Amino acid sequence: MIDQPMIDHAVLERVLGAGLRTGADFAEVFVEDRRSSSARLDDGVVEELGSSHDRGAGIRVVSGGTTGFAHTTDLTERGLLVAAEAASTVARGAGERARAVALAPRPAGPGEVGHDREGGGKAATVALLRRADDAARSAGGQISQVSVTAGSGRRRFLVANSEGVHAEDDQVRTSFSVACVALGDTGMQTGTESVGHTVGFELFDRATPEAIATTAARRALGKLTARPAPSGTLPVVIGPGSGGVLFHEACGHGLEADLVRKAASVFAGRVGDQVASPLVTLVDDGTVDGEWGTGAVDDEGSPRRRNVLIDHGVLTDYLWDHLRAREELRDSSGNGRRQSYRHLPMVRMTNTFLLAGADDPAAIVRDTAHGVYIAKLGGGSVNTATGDFVFGMTESYLIEGGEITEPLRGGNLTGNGPAVLGAIDACGDDFAMGGPGTCGKDGQSVPVGLGQPTLRVTGMTVGGTAR
Amino acid sequence: MNVQAPPEAAAVEAELAALVASVVAQAAPGEQVEAIASTGTSTRVRAYRGEVEDLTQATSGGVGVRVVADGRQGFASAGSLAPELVAEALAEARDNVRFAAPDEANGLAEPDGVAPAQLDLLRPELATVTAADKVALALELERRATSMDARIRGVRSAVYADSVGSSALATSTGLHVAGSSSTCYVTVQVLAGEGDATQTGAGSSVGRSVADLDLADAAGRAVDRAVRMLGARQPATQRTTVVLEPAVTASFLGIVGSTLGGEAVLKGRSPFADRVGERVASALLVLVDDPTDPASLAADPHDGEGLASRRNGLLSDGVLQGYLHNTWSARRSGTASTASAVRGVGSTPAVGPRALALQPGTVGPDELVASLGDCLVVTEVQGLHSGVNRVSGDFSVGARGVLFRAGEPAGAVRELTIASTLQRMLLDVVAVGSDLEWQPGGTGAPSLAIADVALSGA
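Below is a summary of the structure that appears in this document. Here the structure is a predicted model, which is why all the values come from computation and not from measurement.

1. Concerning unusual backbone geometry
Residues and elements named next belong to chain A.
(1) Moving on: Despite not being glycine, Asp43 has its phi angle at roughly 55°, a positive value.
(2) Moving on: With respect to the helices and strands, Asp43 occurs in the loop between strand E1 (26–42) and strand E2 (45–63).
(3) Moving on: Its relative accessible area of 27% is what places Asp43 among the partly exposed residues.
(4) Moving on: The backbone of His312 shows a phi angle near 50°, a positive value even though the residue is not glycine.
(5) Moving on: Tracing the backbone through its elements, the reader meets His312 in the loop between strand E9 (306–311) and strand E10 (314–315).
(6) Moving on: The class of His312 is exposed, set by a relative accessible area of 52%.

Right, here's the structure in full:
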């Protein structure tokens, strides 16, 4: 709970009024206070604990199609007024005039997001690092190096705008990652595992350090005998969970209204069209309890929502922030997000996932004569204007004669979004969310969740080196 | 202080120097304290369809405090220079010390007598450019990019941005440094169309003041890159020679450089550990990391621990010369720091390359491609973060480019990957172009031809 208001109600109203003084038609104040801490074990020792504290305000003023933005670390009324004046210089409207802003009453408090505030403390965190290190090293004598990172952060913000919106949120996120190196006759290989949720220290009720470490170690050890991945186009089966990266890149970014409106997306003008296989129902939902991309409101004060983007292959809607929605006279979908008070909000995904299908995952593999099975995807990226995307396979295997056989070395896959969406010919009943993701766009990073069931793409280009 | 700073910057530097000195002065007996602080102003303008899409003006500052006691290290930072947050950072860093393990290699840098390079990184006139003039630059950039070719349908973004900043660092071991710098850039991403096909291309120009910026060049490159990709198709899977354009070479060099950091080597995470003095690359390769070279935008007289920057040879005729070190990795290795500490105020010093430069060859890029017969000129890569493993050396990235057959262009290609390993690629270099270009990130890179790379496509 936020005990004290971050900024007094009357001050917010005066700052918003100042933002509108040059004739602008929208003003917004975003105030943020963020504390984070991290602890790292590497090479067998707890190397360092770090803490950071960041606070400030960003003020946005919109006049027609032009946005002015200024940010400051000075949270006094004077500091906020200076920033409001800087932001309002872009307005070329009706000239000087006083405009009163009446904000809604201060909200009662944020929703049930990351509510357990009782952190485990530094000593408890250090103990978790050591447990993970022990577990990873005891997974096999070929584990030659282990690093473990624990991170936690609390992000409080308030947002108020000239339309009367006044909202607050208080988000707590905790993550834990293990990276292992295994050394064998053919060189070194790596394995990683990360768990992160919008919760406090109770993260470790969901996943133990031992389980996370053992998974990372198993991946590194398994790759010691890996052979080079194939080079060329062949069927690809993607396992449940982290495979959500495929949809994030193949179409998620292309459904962001800011890119759609600039015709910088292959999905522009296609609402109502069949853009994917009928097996595909894609949802972006910022309300899923405890997921990495979850919050009570977005960074413009709009309530988070569950938005169906593709329904049985038919494109139903894009993702919207306040600015883009306002221009189209519709509601925001709750997807206006920003990295910090230093950044302008834009349209971003939250938790994006493909709903479960009806197929038996084992049967999907059994029906694949020759291809690649990807148990864990790494990151990816997309050019939304062309739809061409890549993503990395961090744990993958050959499929031969309907069976998962040998492990493969890492690499990227590439494909074209609309083509791949149409080439999904099987969708399993084993839906799972994947690990915590960090989504980058125009230089801003925000936490996102991903998920999907097992699925098969009839053909994708696998970027290995083997014939 | 090296080059005399103009009065205003000198005053800001003096203020920051006093602030970090006041933190360091609080070091208790037996305790080492390092403080780093920075402040700056920045502007960014985005133009879209002849209007300002957004204009951001900001002032920001931050402080980082590192404490070492009994061989244990703790760190804390704040995104503000407010006195209560600076005090909180020192208290938090001290508290964090209690939970870390002792390591006798921990400790702050000590003065080593190396004189800092005389570098002039600040153009004070940048601070006097009006917002209206910056807006005009962004609008002009968009206008140029959209008027060069009828196939350009518009921009995704056309940006002018700049920053002017100062920083200071002090340690209880006796290092006191401060400096200021300015940078500005324009960058444009265009959308080209023909029928249903859309392609993108980006171009930028970077400098220390507005006079350094070449809008025509940035716009021209963006347009060329987009237009030449129209009609691109997926190529057949094959093995071929690739020619990396300078910007792609720079990305490749950055990855190679990161594997030569002392920390990765010490912790068994570098494919090039224990290889000093060996031929690890083609004899054509001469690679240095030199932040004292004023041609690099990453030039800086000091590293992230306050030591004077120096020129470090990494590859000479393909032979590995040594690794990069910060104070910790140097002590652990029984050697001296190479002043390769890389950091911002929000983190402790890591080890890495700061201003890599590959010595150019004697052949121009066109002649180089013609001499190779069949090859793929790679104009852009995608997925370096997901497809390159800096420990195993496995390398697989998405790419776009132009195929050449018998020295003649044979069509643009997309939706492909190129793959090999870092170890093999260094050995498989068959030519280095004469076209060295300094990239926005500060790397100096020419075209680079690498034989026998796996191209995955249809």
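There's more to say after this.
2. Some remarks on the nonpolar core
(1) Moving on: Grouped together as the largest cluster of nonpolar side chains are 46 residues, with contacts concentrated most on Leu246(A), Phe247(A), Ile310(A), Ile374(A), Phe391(A) and Met460(A).
(2) Moving on: Here this core takes 5 residues from helix H6 (residues 245–252) of chain A, the largest share from any one element.
(3) Moving on: Within the second largest apolar cluster, 43 residues are counted, among which are Phe272(B), Val280(B), Ala281(B) and Ile450(B).

3. Comments concerning the pattern of salt bridges
(1) Moving on: Taken as a whole and assessed by the stated rule, the structure comprises 68 salt bridges over all chains.
(2) Moving on: Between Asp42(A) and Lys267(B) there is a salt bridge; the shortest N-O distance is 2.8 Å. With Asp42(A) in strand E1 and Lys267(B) in the loop between helix H6 (262–266) and strand E8 (287–289), this residue pair bridges two chains. We note that Asp42(A), like Lys267(B), is buried.
(3) Moving on: The salt bridge partner of Glu256(A) is Lys441(A), with a shortest N-O separation of 2.8 Å. A residue pair is termed long-range when its members are at least 10 positions apart, and Glu256(A) in the loop between H6 and helix H7 (257–261) and Lys441(A) in strand E20 (residues 437–441) qualify at 185 residues. Each member of the pair, Glu256(A) as well as Lys441(A), is classed as buried.
(4) Moving on: The network of salt bridges with common partners includes Lys262(A), Asp442(A), Arg44(B), Arg46(B), Glu53(B), Asp54(B) and Arg156(B).

4. Regarding the interface of chain B and chain A
(1) Moving on: In this complex, chain B contributes 73 residues to the contact, which on the side of chain A involves 76 residues.
(2) Moving on: Counting the surface lost from both chain B and chain A, the interface buries some 5600 Å², and carbon and sulfur atoms represent 44% of this.
(3) Moving on: Taken together, chain B and chain A are joined by 13 salt bridges.
(4) Moving on: Ionic pairing is found between Asp442(A) and Arg156(B), a salt bridge with its closest N-O pair at 3.0 Å.
(5) Moving on: Residue contributions to the side of chain B that touches chain A peak at 11 residues, all from strand E2 (residues 51–69) of chain B.
(6) Moving on: Its residues assigned to classes, the side of chain B that touches chain A comprises 21 nonpolar, 33 polar and 19 charged.

5. Brief notes about the packing of aromatic side chains
Any two aromatic rings considered together are summarised by their centre-to-centre distance and by the angle between their planes.
Residue and element names in this part refer to chain A.
(1) Moving on: Taken as a whole and judged by the stated rule, the model has 7 aromatic pairs over all chains.
(2) Moving on: Look at Phe353 and Phe431: their rings are 5.7 Å apart centre to centre, the planes differ by 65°, and that puts the pair in the edge-to-face class. Taken together, the residues span a long stretch of sequence, with Phe353 in strand E13 (residues 351–354) and Phe431 in the loop between strand E18 (424–427) and strand E19 (432–433) at a distance of 78 residues.
(3) Moving on: Phe353 gets classed as buried once you look at its relative accessible area, which sits at 6%.

Quick notes on the rules
Residues numbered from 1 in each chain as written. Chains lettered and ligands numbered in written order. Predicted model: local features only at pLDDT ≥ 70, side-chain atom pairs only at ≥ 80, totals over all residues. Heavy atoms only, no water. Helix = DSSP H or I, 4+ residues; strand = E, 2+ residues; numbered from the N terminus. Buried < 20%, exposed > 50% of the residue type's maximum accessible area, 1.4 Å probe, protein only. Core = buried A, V, L, I, M, F, W, Y, C linked by side-chain atoms within 4.5 Å. Salt bridge = Lys/Arg side-chain N within 4 Å of Asp/Glu carboxyl O. Contact = heavy atoms within 4.5 Å. Buried area = accessible area lost by both parts, 1.4 Å probe. Nonpolar A, V, L, I, M, F, W, Y, C, P; charged D, E, K, R; others polar. Phe/Tyr/Trp six-rings, centres within 6.5 Å; stacked < 30°, edge-to-face > 60°.

Any link to function would need more than the numbers given here.
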